[in-house]
Amino acid sequence: ATPTSIMVGTGRGAELGVLFRKGEALQLLKDAKVVAVDKTGTLTEGRPVLTDFEVAEGFDRSNVLAKVAAVESRSEHPIARAIVAAATDEGLSLSSLIDFQSVTGMGVQATVEGSIVEIGADRFMRKLGLDVSTFAETAERLGREGKSPLYAAVDGKLAGIIAVADPVKTTTPVAIAALHQLGLKVAMVTGDNTRTAQAIAQQLGIDEVIAEVMPEGKVEAVRQLKATYGQIAFVGDGINDAPALAEADVGIAIGTGTEVAVESADVVLVSGNLQGVPNAIALSKATIGNIH
Ligand code: ADP
Ligand code: MG
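Residues numbered from 1 in each chain as written. Chains lettered and ligands numbered in written order. Predicted model: local features only at pLDDT ≥ 70, side-chain atom pairs only at ≥ 80, totals over all residues.

A. Representation of the overall build of the protein in the model. A tally of helices and strands in the protein yields 13 helices and 13 strands. Taken over C-alpha atoms, the radius of gyration comes to 21 Å for the protein, in line with the 19 Å a tight globule of 292 residues would show. The principal-axis extents of the C-alpha atoms in the protein amount to approximately 75 × 30 × 30 Å. Here the protein holds 292 residues, and the buried ones make up 47% of them. Within the protein, counting contacts between residues at least 6 apart in sequence, those at least 24 apart form 61% of the total. (Helix = DSSP H or I, 4+ residues; strand = E, 2+ residues; numbered from the N terminus. Rg over C-alpha atoms; globule rule 2.2 N^0.38 Å. Buried ≥ 20, exposed ≤ 12 C-beta atoms within 10 Å, placed from the backbone. Contact = placed C-beta atoms within 7 Å.)

B. Region of the structure containing the sheet that holds strand β5 (residues 107-112). The sheet built from six strands is open, its strands ordered β3-β8-β7-β6-β5-β4 with antiparallel pairing. Here the strands that pair on one side only, and so sit at the sheet edges, are β3 (49-55) and β4 (97-103). Mean inter-strand twist for the sheet, computed between neighbouring axes without regard to direction, equals 20 degrees. Two strands pair when backbone bridges link them, and β5 and strand β6 (residues 115-120) are joined in this way by six bridges, in the antiparallel orientation. Within the sheet, the bridge partner assigned to T111 lies in β6 and is I116. Contacting β3, β7 (148-154) and β8 (157-165), helix α5 (residues 78-89) crosses the sheet at an angle of about 70 degrees to β3. (Pairing = 2+ DSSP bridges. Axes fitted to C-alpha atoms, helices over the stretch in contact; angles between N-to-C directions.)

C. A look at α5. Its twelve residues give α5 an end-to-end C-alpha distance of 17 Å, which sits within 8% of 16 Å, the value for a rise of 1.5 Å per residue. By the burial criterion, the buried members of α5 are I79, A80, A82, I83, V84, A86 and A87. Where α5 is buried, its residues contact β3, α4 (61-72), β7 and β8. One or two positions beyond α5, positive phi appears at G91, with a value near 75 degrees. (Expected span 1.5 Å × (residues − 1).)

D. Expanded view of the packing of α4 against α5. At a minimum axis separation of 9 Å, α4 and α5 run at an interaxial angle of 135 degrees. For the element pair α4 / α5, the angle class is oblique. Between α4 and α5 lies a crossing whose hand is left-handed. For the pair α4 and α5, the contacting residues are L65, A66, V68, A69 and E72 in the first and A80, I83, V84 and A87 in the second. (Parallel < 35°, antiparallel > 145°, perpendicular 65-115°, else oblique. Left-handed = near helix turned anticlockwise from the far one by under 90°.)

E. Inspection of the packing of helix α7 (residues 136-144) against helix α9 (residues 194-204) at higher detail. For the pair α7 and α9, interaxial distance at closest approach is 7 Å and the crossing angle is 25 degrees. As the angle between them shows, α7 and α9 are arranged roughly parallel. For the pair α7 and α9, the sense of crossing is right-handed. Along its contact with α7, which presents E140, G143 and R144, the element α9 presents R195, T196 and A199.

F. Expanded view of the environment of G13. In this fold, G13 is placed in helix α1 (residues 3-15). Here G13 falls in the buried class, since 22 other C-beta atoms lie within 10 Å of it. Once the C-alpha coordinates of G13 and G276 are considered, the two residues, 263 residues apart in sequence, prove to be 9.2 Å apart. With sequence-adjacent residues up to four places away left out, G13 is seen in contact with V18, L19, F20, A280 and L283.

G. Looking closely at the sheet that holds strand β13 (residues 267-269). Judged by pairing direction, the sheet is mixed, and its seven strands sit side by side in the order β1-β13-β12-β11-β2-β9-β10 without closing on themselves. Strand pairing shows two members of the sheet lacking a second neighbour, β1 (18-20) and β10 (208-210), which therefore form its edges. Shown here is a sheet whose adjacent strand axes are inclined to one another by a mean of 20 degrees, direction ignored. When strand β11 (residues 232-236) meets strand β12 (residues 250-254), the two strands line up parallel, connected through four bridges.

Below, the structure written as structure tokens:
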């Protein structure tokens, strides 16, 4: 493309709420084969709510929820906010805690009222040597419903299962349809549970799912998609998306996302939703098609 057509394309992008931080991105996007997308905060609102909470035999529901919420009050994860909000809604007061610890990609733990409380994904429980099979049926149902199951342990005993659901942004289905119309495949990359990710992907017509990815694993997922399909655009909003945004041929950040993500991206979507991606690709095809 000529410098003039790049300038015109970049200007048109700005009108559409698509900011090209690198001119190169406008040229590369037309060749993208796959758009890989982070789930939480990109496909979904990123504001989960607590939907289910069951305790194991011998545990008191309010007691476990209050302890779990106390621990989560120290975490900045969106899941934590959902749990604290649910406990507050139920009128529970949160006890003070000591020894808070966040285990990356796994969960959180602390000591509350003398009890060690651990909350997180099934892999966290497995790491702690806990068997979650008593909740296998519940977890399977929750996953099918597109909800994310989490587990709570108190003093080394499995105490409960918690589910959070994060609504899909209303703009997501149309954007995915537009990407398919442009001939691209859409892949979901997420740290969330496989069953949950697959349920949401199926609901959205997403072509490929890479789930239960640890934060540092998103880069590997992008490499894998590159090797299989060729040019990859990656779309994300979070701190843990930054390396994948840098690794992709074109990194696209949701403008309402974290600053680190925006700084690592080649393209920023001011609108804060996925619709900017098909817009940017269509623009790239039109601009590069308009050379001479
Ligand atoms: P994601 O962007 O998918 O949430 P993270 O690496 O932040 O990726 O978390 C991976 C998983 O670890 C979460 O899906 C959740 O199961 C668990 N997890 C992380 N933080 C917390 C927390 N504060 N409370 C409970 N579970 C958590
Ligand atoms: Mg995210």
